[in-house]
Amino acid sequence: MPFRWFNPPVYVKTDRQGVRLGISRIDTAAEELLKWSNRGPKWRLAEACLTAMDGKMPTENFRLLFEDAAEEEDMLLPN
């Protein structure tokens with residue numbers, strides 16, 4: 001399966017103090033989603049949209065959903 005990229009990256013907090021992660025691939029976003037403890041409505045929506053890995057959703061749509069989920073989880077950082 002080819003990597004599915006989006007741009008600009010979504011920057012999120014990590015478990016290491018002062019370190020941020022710029023996510024620009026759907027598979028990396030999926031890995032981060034699974035680490036988050038809050039599984040609110042936006043997280044579920046982003047999780048459901050992992051079908052974007054199969055090319056069934058434009059990557060920009062997935063990016064926006066992932067950004068919303070990161071904000072809901074309080075993991076989103078400014079660009």
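The structure displayed is predicted, hence computed values, not measured ones. The numbering scheme is per chain: residues are counted from 1 as the chain's sequence reads. Since the coordinates come from a predicted model, pLDDT governs what is reported: local features require at least 70, and pairs of side-chain atoms require 80 or more to be given and counted, while whole-chain, interface and lining totals use all residues. As a rule here, side-chain values come from all non-hydrogen atoms in the structure, and water together with hydrogens is ignored.

**Q** When you look at the pattern of salt bridges in this model, what are you seeing that I'm missing?
**A** Should the charged atoms of two oppositely charged side chains come close, the side chains can pair. By definition here, a salt bridge exists when the distance from a side-chain nitrogen of Lys or Arg to a carboxyl oxygen of Asp or Glu is within 4 Å. The final tally for this structure, using the stated rule, is four salt bridges. Between Asp27 and Arg25 there is a salt bridge, with its nearest N and O atoms 2.7 Å apart.

**Q** Help me out: how do you make sense of the side chain of Arg63 in this one?
**A** Each helix corresponds to a stretch of at least 4 residues labelled H or I by DSSP, and each strand to a stretch of at least 2 residues labelled E; elements are numbered beginning at the N terminus. Structurally, Arg63 can be placed in helix H3 (residues 59–72). Burial here depends on accessible area, computed with a 1.4 Å probe over protein chains only, as a share of the maximum for the residue type. Under 20% is buried, over 50% is exposed, and the range in between is partly exposed. Judged by relative accessible area, Arg63 falls into the buried class, the value being 5%. If sequence neighbours within four positions are ignored, Arg63 has contacts with Phe6, Asn7, Pro8, Pro9 and Val10. In what follows, a contact means two residues having at least one pair of non-hydrogen atoms within 4.5 Å.

**Q** Which parts of the structure should I look at to understand the nonpolar core?
**A** Generally speaking, nonpolar side chains in soluble globular proteins are found buried as a group. Among the nonpolar cores identified, the biggest contains 21 residues, and Val12, Leu33, Trp36, Phe62 and Phe66 are the most heavily contacted of them. For this core, the elements supplying multiple residues, two or more each, are strand E1 (5–13), helix H1 (26–35), helix H2 (41–48) and H3. Once residues lying within four places of it in the same chain are set aside, the contact partners of Phe62 are Phe6, Ile26, Ala29, Ala46, Cys49, Leu50, Ala52 and Met57. The nonpolar core is taken to be a set of buried Ala, Val, Leu, Ile, Met, Phe, Trp, Tyr and Cys residues, with the residues joined through side-chain atoms within 4.5 Å.

**Q** Would you take a moment to explain H1 for this structure?
**A** One turn of an α-helix holds 3.6 residues; hence residues three or four places apart share an orientation. Residues Ile26, Asp27, Ala29, Ala30, Glu32 and Leu33 constitute the buried set of H1. Buried residues in H1 make contact with E1, strand E2 (20–25), H2 and H3.

**Q** It is not clear to me how the pairing of E1 should be interpreted in this structure. Could you clarify?
**A** The side chains of a regular strand alternate between both faces of the sheet. The pairing criterion for strands is at least two bridges between them, as found by DSSP. Summarising the sheet, E1 and E2 pair through five bridges and their orientation is antiparallel. In the strand pairing of E2, Val12 is matched with Leu21. The turn joining E1 and E2, which pair antiparallel and follow one another in sequence, is formed by six residues; a positive phi near 80° is taken by Gly18. Bridge count between E1 and strand E3 (residues 76–77): two bridges; the pairing is antiparallel. Residue pairing for E3: Tyr11 is matched across the bridge by Leu77.

**Q** Would you mind going over the sheet that holds E1 with me for this structure?
**A** Remark on secondary structure: sheet strands pair via backbone hydrogen bonds, oriented parallel or antiparallel. Strand order in the open sheet formed by three strands is E2-E1-E3, with antiparallel pairing between adjacent strands. The sheet is open, and its two edges are formed by E2 and E3, each paired on a single side. Docked against the sheet, H1 engages E1 and E2, running at close to 130° with respect to E2. Between N-to-C directions, angles cover 0 to 180 degrees, with each direction set by a line fitted to C-alpha atoms, over the stretch in contact for helices. Lying on the sheet, H3 is in contact with E1, E2 and E3; it crosses E1 at an angle near 10°.

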